[in-house]
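Each chain, written out:
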Amino acid sequence: MNFRTFSILYFIFFFLGIAILFAFLFLLSCFFEHNNYSQIVQYQIKNNAIYGSALNENYFQYRLELIKAQKPDIVAIGSSRVGQFKQDFFNTSFVAAANGGNSMAETQYFVEQLLKIYHPKLIILGIDPWWFNAKMPNNKYASYQRMNGRDITTLKIFQGIKIIFSHPKQFFEAISSGKTTTNPYTNLPSLGFRAFVKSDGSFIDGSYLYFSTLSGIFPADDRKFQNSIYRISNEIFPFYYGNKIDPTRTKELISTVDLIRKYGIDVIVLTTPLAPSVYNMLIQDKDQRFSYLYSFSNFAIKNNIYNFFNPQTLTTTDCEFYDGFHGGDVVYARILSQISKENSMLAHFVNLSKIQQIINSKKGHAYSGDLTHWKETDFLELGCKK
């Protein structure tokens, strides 16, 4: 083969590869897996869709865009464990910035970025006790924070191909019919591969729908709390061992609260519970590997933090949890009801009659909404009556 022939073939295959790449990226954008977060949020709000990405999980920027677009009176900030606070619980506008802060330092950074673009009336700051354990990573900055939704990486491309070929029939039918924002289970418009395949994702209020778990179409990860037990036994997130809390991190919390109040914004700091069975494992641990929790409890008392880490304070049950450390909607309704009894400021914002209705009618359930023709199953296999 002479040089001229080689050069022609090289450029043909080069430009063919470029064309295939851009065609694939266009296909991803049809499923909202290659779009900037502003576009995603605007479409989501307009169509009351859920957003569940499998390739662009930058909740930090996505939640900021959601808040920027909706300008809610109330914002809940924290890890995934604030993701079950819902608009239905309040009589004014609300957004849950779940996973906006996955450590104390990142939560402080999220608050700083939020205050540059918007000032809500109330911030609910959800903190996790393990954030204050020195073994827990406490990174303020993370690489995913810089993702804009249109990043091109080999991981994104190969992961996208893998997901498509794992569900060939569903993707072929969607592409051929042009219905790339639907899912086969619910009537919710669905943006992103996770929402498209499972109908799992965030609503426009930031709360999260675990449809695939609730309905049983995909097996729950923590059946009979076996996953939580394994994590506890092997010191895997979030169950790190420790004796005391880190004073550097408590100072970060105090300075974050002071910053919020500096702008005249009311703030409530709270921590949400573990499932009763899992909580008992930690407290009754014969080796006292989680003794830092007692230090955290004392810190919470001294700093007016609503500490619901112990589920007994809410009279909840294992059946109202998604797994060992994520409560369902009913648990979060109980939290707001409890705080409102002693905090008149919060009582002014919450819809107490709706909250009480949910607690009464959905007792023993994780989800408070309607799954249409689907029913909530005993997905943890605990013998729960649903």
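Whatever comes next refers back to the structure up there.
Here is what the cut-offs are and how they apply
Residues numbered from 1 in each chain as written. Predicted model: local features only at pLDDT ≥ 70, side-chain atom pairs only at ≥ 80, totals over all residues. Heavy atoms only, no water. Core = buried A, V, L, I, M, F, W, Y, C linked by side-chain atoms within 4.5 Å. Buried < 20%, exposed > 50% of the residue type's maximum accessible area, 1.4 Å probe, protein only. Helix = DSSP H or I, 4+ residues; strand = E, 2+ residues; numbered from the N terminus. Contact = heavy atoms within 4.5 Å. Pairing = 2+ DSSP bridges. Axes fitted to C-alpha atoms, helices over the stretch in contact; angles between N-to-C directions. Salt bridge = Lys/Arg side-chain N within 4 Å of Asp/Glu carboxyl O.

**With respect to the nonpolar core**
Then, number 1: Membership of the largest hydrophobic core comes to 103 residues, with the highest contact counts inside it found for I77, F85, L125, L253, L274 and I335.
Then, number 2: Here the element with the most residues in this core is helix α13 (residues 329–340); it accounts for seven residues.
Then, number 3: Ignoring any residue separated from it by four or fewer positions in sequence, one finds L125 in contact with I77, T107, V111, L253, T256, V257, I260, V267, I268, V269 and L270.
Then, number 4: L28, I157, F193 and F196 belong to the second largest nonpolar core, which has 13 residues in total.

**Brief notes about the pairing of strand β4 (residues 122–126)**
Then, number 1: For β4, a buried count of five out of five residues is recorded, marking the element as mostly surrounded by other parts of the structure.
Then, number 2: Neither face of β4 is exposed, since L122, I124 and G126 on one face and I123 and L125 on the opposite face are all buried.
Then, number 3: With four bridges joining them, strand β2 (residues 74–78) and β4 adopt parallel strand pairing. The residue bridging I74 from the neighbouring strand is L122, located in β4.
Then, number 4: Where β4 lies against strand β8 (residues 266–271), five bridges are found, and the strand directions are parallel.

**Digging into the sheet that holds β2**
Then, number 1: Read across the open sheet, the five strands follow the order β3-β2-β4-β8-β9; overall the sheet is parallel. With partners counted over all chains shown, the strands left at the sheet margins are β3 (94–98) and β9 (306–307), one partner each.
Then, number 2: Its contacts with the sheet put helix α10 (residues 247–262) on β4 and β8, and the angle it makes with β8 is roughly 150°.

**Brief notes about the pattern of salt bridges**
Then, number 1: With the rule as written, the count across this model stands at 11 salt bridges.
Then, number 2: A salt bridge links E381 to R223; the shortest N-O distance between them is 3.7 Å. Placement of E381 in the segment after α15 (352–361) and of R223 in the loop between α8 (211–215) and α9 (226–234) is noted, with a sequence separation of 158 residues between them.
Then, number 3: For D285, the salt bridge identified is with R289, shortest N-O distance 2.8 Å.

Shape is all these values report; function is a separate question.
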